[in-house]
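What follows is the residue order along each chain.
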Amino acid sequence: MLKRFWLWLGRLLGKLLLVLLIVGGLGWAGGSAYYAWKFSGPVSTEEEIPADEAALTQGIIEDAIRIVEQHRDNTRVLRDAHAKAHGCVKAQVTVLQNLVPELRHGVLAEPGKTWQAWMRLSNGNAYPQFDSARDARGMAIKLLDVPGDKLLNSKATAANQDFVMFNHPVFFVRDVAEYKQNFAAQASGQKIQAFFPSWDPRSWEIRHLIIALKTLAPAPDSPVSATYNSIAPFKLGPHNIKYRVVPDPQSCPPYELPEQNTALPNFLRNALYQQLSLDRVPACFALQVQRQNADYYMPIEDTSVQWSEDISPFETVATVRVEPQDFDSREQNLACDNLSFNPWHALPEHRPIGGINRLRKAVYEAVSVYRHQRNAAPQAH
């Protein structure tokens, strides 16, 4: 009797498992077909600006300043993101000697040209936390003494060309409207509502939640061992492009970083200090661009979509070299904190495009001005 019961239960569970596998397979096939249809080309090569974007942007600025005040560090007002720096270091960005003519625009116009630069390496969170916490990591590069009128042309930024990146190829929101909803929820401590704003499943952003979880990654061994992406698109002369910076250890002397104590709160700064200041070994990178192929799904206005490298491979346009140096002084750390990085500190040939970049222009500038005023600090370059 008991044996027959267990055999019956086994057959029932087997059938249920088979049904679940079939339903799951159909769901996966249906989802794949849907996204293959949704994410198919062609796409526009021009920006498409929604009518309500300016109002949404103003609301995001207010939320950003609210976060800045929530996360202030005693008497100092910190950035609304990437508040904790691992260090600001001096770097040289050199345009390739054999760069193809169609990519010679802006700061890349002169093959072999070397630009002096500042590089800031950071965690992504709005509040300084242990480096072992899962987080995004950022790299910002500021080229110095760049001639020509800039898109944000103030005295403090007149000679700057900035590149702002973090270590994931896509963003967890598609546009300004979704950013407003997501950012407001997180600013109010409602993290679940950031991706599930209502009971209506049509409003759920499960794909974007997965992107956010992937973005909050374990720390790299060193800030100079990660790849950093622009995420949003830019102009490069007539081209629409995305850019990234990838480690290029082959261009530097061989180096193996000693094992770091990852229990220390600032072990990424320690790793950077170990390589550059103690062991006196440079760090090397390649600056690369990826051109939009509008016949395929490479949208300008959706930063949650990764442009296919199979269709449009990245092309190296310049090298980035960080020489051995002493960077961890109180004076340099304070100067680093006062630096403002904005992708709109740029020549017209490098114009940021797309909704998230338009949002950055307003938010970065507003938060930077607010932060420097509250800190009684000069508006830094």
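- The name given to the protein in an unreviewed UniProt entry is catalase, with Aquipseudomonas alcaligenes as the source organism.

**Looking at the overall build of the protein**
Then step 1. Broken down by element type, the protein carries 8 helices and 9 strands.
Then step 2. Across the 381 residues that make up the protein, the buried fraction comes to 47%.
Then step 3. Considering only residue pairs separated by 6 or more positions, the protein has 75% of its internal contacts joining residues 24 or more positions apart.
Then step 4. In the structure as shown, the protein presents an accessible area of about 19200 Å², 59% of it carried by carbon and sulfur atoms.

**Some remarks on the nonpolar core**
Then step 1. Ranked by size, the top nonpolar core spans 38 residues in total, and within it Met119, Met139, Ile141, Leu143 and Phe285 carry the most contacts.
Then step 2. Residues contacting Phe285, with those up to four places away along its chain left out, are Met119, Met139, Val224, Ala226, Val245, Val246, Pro247, Asp248, Thr319, Val320 and Val322.
Then step 3. By size, the runner-up hydrophobic cluster in this structure holds 25 residues, among which are Ile61, Phe172, Phe183 and Val367.

**A look at empty space enclosed by the protein**
Then step 1. According to the stated counting rule, one finds 1 cavity of 30 Å³ or more in the structure shown.
Then step 2. Approximately 110 Å³ is the volume attributed to the largest cavity.
Then step 3. Forming the boundary of the largest cavity are 15 residues, of which Phe163, Ile241, Tyr243, Val289 and His350 lie nearest the centre.
Then step 4. Only β4 (161–166), β6 (234–236), β7 (239–247) and β8 (283–291) provide two or more residues apiece to the lining of the largest cavity.
Then step 5. Its residues placed into classes, the lining of the largest cavity shows 11 nonpolar, 2 polar and 2 charged.

**A word on the packing of aromatic side chains**
Then step 1. Applying the stated criterion across every chain, the model contains 9 aromatic pairs.
Then step 2. Geometrically, the ring pair formed by Tyr179 and Phe183 is tilted, given 5.3 Å between the ring centres and 35° between the ring planes. Taken together, the residues span about one helical turn, with Tyr179 and Phe183 both in helix α3 (residues 176–187) at a distance of 4 residues.
Then step 3. Judged by its relative accessible area of 19%, Tyr179 is buried.
Then step 4. By relative accessible area, Phe183 is classed as buried at 12%.
Then step 5. Taken together through their ring pairs, the aromatic side chains of Phe166, Phe171, Phe172, Tyr179, Phe183 and Phe195 make up a single cluster.
Then step 6. Above the ring of Phe341, the side-chain terminus of Lys142 is found at 4.8 Å from the ring centroid.

**Remarks on the environment of Pro220**
Then step 1. Checked against the element boundaries, Pro220 lands in the loop between α5 (206–215) and β5 (228–229).
Then step 2. Judged by relative accessible area, Pro220 falls into the buried class, the value being 16%.

**Brief notes about the environment of Glu309**
Then step 1. In this fold, Glu309 is placed in the loop between β8 and β9 (315–322).
Then step 2. On a C-alpha basis, the gap between Glu309 and Arg291 in space is 9.7 Å, while along the polypeptide they are 18 residues apart.
Then step 3. The residues touching Glu309, leaving out its near neighbours within four places in the chain, are Arg244, Gln290 and Phe314.
Then step 4. Only 3.5 Å separates the side chain of Glu309 from the side chain of Arg244, close enough to count as a polar contact.

**Here's the deal with the state of the cysteines**
The term disulfide refers to a covalent linkage connecting the sulfur atoms of a pair of cysteines.
Then step 1. Taken as a whole and judged by the stated rule, the model has 1 disulfide.
Then step 2. The disulfide partner of Cys252 is Cys284, and the S-S distance across this bridge is 1.9 Å. Residues Cys252 and Cys284 share a disulfide whose torsion about the S-S bond is about 75°; that sign makes it right-handed. With Cys252 in the loop between β7 and α6 (267–278) and Cys284 in strand β8, the pair connects residues that are 32 residues apart, well separated along the chain.
Then step 3. For Cys284, a relative accessible area of 8% corresponds to the buried category.

The rules behind these values
- Residues numbered from 1 in each chain as written.
- Predicted model: local features only at pLDDT ≥ 70, side-chain atom pairs only at ≥ 80, totals over all residues.
- Heavy atoms only, no water.
- Helix = DSSP H or I, 4+ residues; strand = E, 2+ residues; numbered from the N terminus.
- Buried < 20%, exposed > 50% of the residue type's maximum accessible area, 1.4 Å probe, protein only.
- Contact = heavy atoms within 4.5 Å.
- Areas by Shrake-Rupley, 256 points an atom, 1.4 Å probe, with all protein chains shown as cover.
- Core = buried A, V, L, I, M, F, W, Y, C linked by side-chain atoms within 4.5 Å.
- 1 Å grid on protein atoms, 1.4 Å probe; cavity = no way out; pocket = protein on both sides within 12 Å on 5 of 7 lines; lining within 4 Å.
- Points joined across faces, edges and corners; volume = space filled by probe spheres on them.
- Nonpolar A, V, L, I, M, F, W, Y, C, P; charged D, E, K, R; others polar.
- Phe/Tyr/Trp six-rings, centres within 6.5 Å; stacked < 30°, edge-to-face > 60°.
- Lys NZ or Arg CZ within 6 Å of the ring centre and 35° of its normal.
- Polar contact = N/O pair within 3.5 Å; in protein donor to acceptor, adjacent residues only side chain to side chain.
- Disulfide = S-S within 2.5 Å.

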